[in-house]
Amino acid sequence: MAIDHINLSRIDLNLLVAFDALMAERSVTKAATRVGLGQSAMSHNLARLRRLFDDELLTRSAEGMQPTPRALALVDPVRIVLANIESLVNRPEDFDPRTAERVFRVGLPDSVEVLVGPKLLAHVCAEAPGIRFRFYSTDERRILDELDADHIDLGIGIGTFPEGQIHHKRRVLATDSYLCMFNADKVDLKLPISLEDYVRLPHILTSLRRGERGVVDDVLEKLGLSRKIAVVTPRFVAVPMLVASSPVITTMHARLARYFAKELGLTLSPPPIELPVLTTSLLWHASYDSDPGHIWLRNTIVKVSQEAEADLTG
């Protein structure tokens, strides 16, 4: 694509830095602090941006500064441009995990944190002592929005995320099936569990949504069946303790079920119904695609995830 050098030379590319800060902060004062400018200088930059894009970009409301539709459409292209410029001037060898000092913000459900977190922390403590993490609880409904708002550097979510846009990058981290888990001392069952026993017993359901319905209920409904839900919890880590204490059953991700069963002496069985394959995905914004530190993080998470899987199945 031909570049109009004369026209482009008239544009102060620092304005794109100001735009990115303004969209992230939705405040002239906070955006000025973010890039190390005075408030008046940032106000001047906003005025220049409005002329450049022929749009108000930010308008005042009762809730504070709100972006216009034009501004929202510019957020991702501008971030990608800035990231590409940064990758051009930063050499890949500038990131050395043995000496790097950096904080990575990772959004993930507690189920993934249990499986991957311990291996990731042990690896980083040994190989990259200056790297720190901030884990944030998130789920498949919010994770793409968190990436777009730059609230997290990387997301790990359950699903294939078909609603993702071109600037949402995805890499399959793992695939999984389901297993039933129960306390054999509390529940008298013959293995493998029958469909009759499966619908007879009360269930523990893990769900972040309102209501008492999950993927199991969708499959049972097609068979003209239903189950009784004893407890709905948003926390995977609470489920094994609930199962261990009562005559109930749960259906959860096989890797997680194997981990908890091993730790708490619980019993596992294949479900008596056919459930879809689970996919765990790494997700990130395209603006971090060429970031050497981010590339290291993604590769490291893939590595430790494979090690965790080997430990559970080996």
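Description of the structure in this document. (Residues numbered from 1 in each chain as written. Predicted model: local features only at pLDDT ≥ 70, side-chain atom pairs only at ≥ 80, totals over all residues. Heavy atoms only, no water.)

**Let's talk about the pattern of salt bridges**
Operational definition: Only one rule defines a salt bridge in this text: a Lys or Arg side-chain nitrogen within 4 Å of an Asp or Glu carboxyl oxygen. Each helix is a run of DSSP H or I of at least 4 residues and each strand a run of E of at least 2, with the numbering of both proceeding from the N terminus. The buried label goes to any residue with under 20% of its type's maximum accessible area, the exposed label to any with over 50%, and the partly exposed label to all in between, with areas taken from a 1.4 Å probe on protein chains only.
Applying the stated rule across the entire model yields 17 salt bridges. As a salt-bridge pair, Arg48 and Asp12 come within 3.5 Å of each other at their nearest N and O atoms. Of the two residues, Arg48 sits in helix α4 (residues 39–53) while Asp12 sits in the loop between α1 (5–9) and α2 (14–25), which places them 36 residues apart along the sequence. The exposure class assigned to Arg48 is partly exposed, which follows from its relative accessible area of 25%. Several salt bridges converge on common partners, so that one network encompasses Glu25, Arg34, Arg79, Arg105, Asp150 and Asp153.

**Here's the deal with the environment of Val216**
Topologically, Val216 is positioned in helix α9 (residues 215–222). Residue classification places Val216 among the buried positions, given a relative accessible area of 4%. Residues Val216 and Val231, 15 residues apart in the sequence, show an inter-C-alpha distance of 15 Å.

**Regarding the packing of α2 against helix α5 (residues 69–89)**
The following threshold applies: Axis geometry follows a simple rule: fit a line to the C-alpha atoms, using only the stretch in contact for helices, then measure angles between N-to-C directions, giving values from 0 to 180 degrees. Oblique is the label for any angle not under 35 degrees, not over 145, and not in the 65 to 115 range, which are roughly parallel, roughly antiparallel and roughly perpendicular in turn. Crossing handedness: left-handed means the near helix sits turned counterclockwise from the far one by under a right angle, and right-handed means the same turn made clockwise. In this analysis, two residues are considered to be in contact whenever any of their non-hydrogen atoms come within 4.5 Å of each other. For this classification, Asp, Glu, Lys and Arg are treated as charged, while Ala, Val, Leu, Ile, Met, Phe, Trp, Tyr, Cys and Pro are nonpolar and the rest, including Gly, are polar.
For the pair α2 and α5, interaxial distance at closest approach is 10 Å and the crossing angle is 125 degrees. Comparing the axis directions of α2 and α5 gives the class oblique. Considering only the axes of α2 and α5, their crossing is left-handed. Side by side, α2 and α5 meet where Leu16, Val17, Phe19, Asp20 and Met23 of the first sit next to Ala71, Leu74, Val75, Val78, Arg79, Val81 and Leu82 of the second. Here the residues of the contact of α2 with α5 sort into 10 nonpolar, no polar and two charged.

**Thoughts on the sheet that holds strand β9 (residues 228–233)**
Each strand in a sheet pairs with its neighbour through backbone hydrogen bonds, running either in the same direction (parallel) or in the opposite one (antiparallel). We count it as follows: Should DSSP find at least two bridges between two strands, the strands are regarded as paired.
The strand order across the open sheet built from five strands is β9-β8-β10-β7-β11, with neighbouring strands paired in mixed fashion. In this open sheet, the two edge strands, each paired with only one partner strand, are β9 and β11 (267–269). Going from strand to strand, the sheet's axes swing by 35 degrees on average, the running direction of each strand aside. Note: strand β7 (residues 178–182) against strand β10 (residues 249–253), five bridges, orientation antiparallel. Paired with Leu179 across the bridge in β10 is Met252. Running over the sheet, helix α11 (residues 254–264) touches β7, β10 and β11 and is turned about 125 degrees from β10.

**Quick notes on the nonpolar core**
We apply this condition: Nonpolar core, defined: a set of buried Ala, Val, Leu, Ile, Met, Phe, Trp, Tyr and Cys residues in which side-chain atoms within 4.5 Å join the residues together.
Grouped together as the largest cluster of nonpolar side chains are 37 residues, with contacts concentrated most on Ile131, Ile156, Leu282, Trp296 and Ile301. At the level of secondary structure, the elements contributing two or more residues to this core comprise β3 (102–108), α6 (110–127), β5 (154–158), β7, α10 (239–245), α11, β12 (278–285) and α12 (292–313). In terms of residue count, α6 provides more of this core than any other element does, six residues in total. Once you skip the residues sitting within four places of it in the chain, Ile156 turns out to touch Val106, Gly107, Leu108, Pro109, Val112, Ile143, Leu173, Thr280, Ser281, Leu282 and Ile301.

**Here we look at the environment of Gly38**
Note that Gly38 resides in the loop between α3 (28–35) and α4. As a C-alpha pair, Gly38 and Val28 span 10 residues in sequence and 9.5 Å in three-dimensional space.

**Details of a nonpolar patch on the surface**
Inclusion rule: Residues with no salt bridge and a relative accessible area higher than 30% make up the patches, which join like charges within 9 Å and nonpolar side chains (Val, Leu, Ile, Met, Phe, Trp, Tyr) within 5 Å. Here the accessible surface of atoms and residues is derived via Shrake-Rupley with a 1.4 Å probe, and residues count as covered only by protein chains that are part of the display.
Together, Leu13, Val81 and Ile85 line one region of the surface with nonpolar side chains, adding up to about 220 Å² of accessible area. Within the element layout of this structure, Val81 appears in helix α5.

**What to know about the packing of aromatic side chains**
To keep things clear, this is the line we draw: Two rings from Phe, Tyr or Trp (for Trp, the six-membered ring) form a pair when their centres are within 6.5 Å of each other. A pair whose planes differ by under 30 degrees is stacked, one over 60 is edge-to-face, and the rest are tilted. We call a charge positioned above a ring when the Lys NZ or Arg CZ atom is no farther than 6 Å from the ring centre and deviates by at most 35 degrees from the ring normal.
The final tally for this structure, using the stated rule, is six aromatic pairs. Centre to centre, the rings of Phe19 and Phe53 are 6.1 Å apart; their planes meet at 50 degrees, and the pair counts as tilted. Residue Phe19 is found in helix α2, and its partner Phe53 is found in helix α4; the two are separated by 34 residues along the sequence. In this structure, Phe19 and Phe53 share a single accessibility class: buried. A connected cluster of aromatic rings, assembled from ring pairs, spans Phe95, Phe104, Phe133, Phe135 and Trp296. Taking NZ or CZ as reference, Arg298 lies 4.1 Å from the ring centre of Trp284, over its face.

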